[in-house]
Amino acid sequence: MKKFLLAIVAIFACTAASMAQKTDISISYGGYTQMDATDCHDGWSGVNNAWGALNVGVNFNVARNFYLGPSYTFSSCTTKGGPDHSSIAYHALMLNGRYNYYRNRIVTLYGHIGLGAVISHLMPKYGDSYNQTYFAYQFSPLGAQVDLSRSATIFGELGFGAQGLLQVGFRFNI
């Protein structure tokens, strides 16, 4: 009976601790991605630059000033025109860490790093579609966020990787 009660108390404590964590959901746009700068298109020639990247992430406050969570990034591009005009879709899945290193009443400065995989879905015009996987990363040493309210924040980051060279977006605290 004691073990049973101890187990219930432990489960309750873990549940309460996880619910007390601050969590945010981020939605952003990033321009000039890793997929544009490196060969994430299986050596295809004549590939145009992508239009940028849409990013969605969930971050959990796991320690003071430190957030950790997964993200998904989508981008796409095409090859130059002609009879072999083809498309590529990029899907990046990463685990991200964010550390707030300065904060005042108006702005919070932070650094962000992410590691994961880019799945390139290559769709040649005259052939079967196939996937290639590449190492994905994001390194943004300079990020700034400004609180609009208790539940909404705007942010911008300067760095390089799958999520973009310059990234801007919103965070929603839940």
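Details of the structure are given in the entry above.
Residues numbered from 1 in each chain as written. Predicted model: local features only at pLDDT ≥ 70, side-chain atom pairs only at ≥ 80, totals over all residues. Heavy atoms only, no water.

**Q** Help me understand the pattern of salt bridges in this model?
**A** Any two side chains of opposite charge can pair, given that their charged atoms come close. Counted by the stated rule, this structure contains three salt bridges. Residue Asp147 pairs with Arg103 through a salt bridge whose shortest N-O separation is 3.6 Å. Of this pair, Asp147 sits in strand β6 (residues 130-147) while Arg103 sits in strand β4 (residues 87-103); the two residues are 44 residues apart in sequence, bridging distant segments of the chain. Owing to a relative accessible area of 40%, Asp147 belongs among the partly exposed residues under this scheme. Residue Arg171 pairs with Glu157 through a salt bridge whose shortest N-O separation is 3.7 Å. Here Glu157 lies in strand β7 (residues 152-161) and Arg171 lies in strand β8 (residues 166-173), a separation of 14 residues in the sequence. With relative accessibility at 3%, the residue Glu157 sits in the buried group. (Salt bridge = Lys/Arg side-chain N within 4 Å of Asp/Glu carboxyl O. Helix = DSSP H or I, 4+ residues; strand = E, 2+ residues; numbered from the N terminus. Buried < 20%, exposed > 50% of the residue type's maximum accessible area, 1.4 Å probe, protein only.)

By themselves these figures say nothing about function.
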